[in-house]
Amino acid sequence: VISTIQNLVFEPMLPPPHVQDLLRLPKRSKVYFQKKLLLLNGTPVAVDMSYTLYSLGKTLARDLERQMTFPTLEQHGVMIDKIETMIESTHASYEVSEYLDVPLGHPLIAYSYKAYNDQDQPIVCGEALSRGDRLCYSVVIRRNADRNL
């Protein structure tokens, strides 16, 4: 299986209010917004829309435009300590149906995420909308002995 990324948008912007809250940003702080298409063997399987802290987006722009976000951050010494996720179902909007080559309203998997560094600061958040007939997600849950969870 050959995976590739097609960068659709990568630009600095003022985030929507819900993203500002998720990333704990002061008002008027910018982020980098990215929209990318994930292809497997040339077939579009997911659209990922993410918001990355401005300083990281600016510094790592070249690599973020060509590679997956989490591995790119870690390759540059930005360690991800925790990722909060939610997996739910949704339906393809007109725009997403065009990207994923599915009918309008087609069922999709929505994978929302927020990643934190080792100082418990959110550094990136977003949502990947994927075709359930092409991808699956695997989750491992472990008890943390230090926190008695």
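Residues numbered from 1 in each chain as written. Predicted model: local features only at pLDDT ≥ 70, side-chain atom pairs only at ≥ 80, totals over all residues. Heavy atoms only, no water.

Looking only at helices and strands, the protein chain features 4 helices and 6 strands. Taken from the N to the C terminus, the helices and strands of the protein chain come in the order β-α-β-β-α-α-β-α-β-β. Relative to its length of 149 residues, the protein chain is compact, with a C-alpha radius of gyration of 16 Å against a globular reference of 15 Å. Along the first, second and third principal axes, the C-alpha atoms of the protein chain reach 45 × 40 × 30 Å. (Helix = DSSP H or I, 4+ residues; strand = E, 2+ residues; numbered from the N terminus. Rg over C-alpha atoms; globule rule 2.2 N^0.38 Å.)

Attention shifts here to a nonpolar patch on the surface. Together, Ile87, Tyr137, Val139 and Ile141 line one region of the surface with nonpolar side chains, adding up to about 410 Å² of accessible area. Structurally, Ile141 is set in the segment after strand E6 (122-131). A relative accessible area of 78% means that Ile141 is categorised as exposed. (Patch = residues over 30% accessible without salt bridge, like charges linked within 9 Å, V, L, I, M, F, W, Y side chains within 5 Å. Areas by Shrake-Rupley, 256 points an atom, 1.4 Å probe, with all protein chains shown as cover. Salt bridge = Lys/Arg side-chain N within 4 Å of Asp/Glu carboxyl O. Buried < 20%, exposed > 50% of the residue type's maximum accessible area, 1.4 Å probe, protein only.)

The next thing to look at is unusual backbone geometry. A negative phi angle characterises most non-glycine residues, just as the trans form characterises most peptide bonds. A positive phi is found at Arg24, a non-glycine position, where the angle reads about 55°. Relative to the helices and strands, Arg24 resides in the loop between helix H1 (17-22) and strand E2 (31-40). Residues other than glycine seldom take positive phi values, yet Asp101 does so here, at roughly 55°. Tracing the sequence through the fold places Asp101 in the loop between helix H4 (94-100) and strand E5 (107-116).

Here the focus is the nonpolar core. Judged by nonpolar contacts, the single largest core of 31 residues is most densely connected at Leu23, Tyr51, Leu73, Leu100 and Ile123. For this core, the element with the most residues is E2, which contributes 5 residues. Apart from the residues within four sequence positions on either side, Tyr51 is in contact with Met13, Pro16, Val19, Leu23, Val31, Tyr32, Phe33, Ile123, Val124 and Cys125. (Core = buried A, V, L, I, M, F, W, Y, C linked by side-chain atoms within 4.5 Å. Contact = heavy atoms within 4.5 Å.)

Don't take any of this as a statement about function, it's just geometry.
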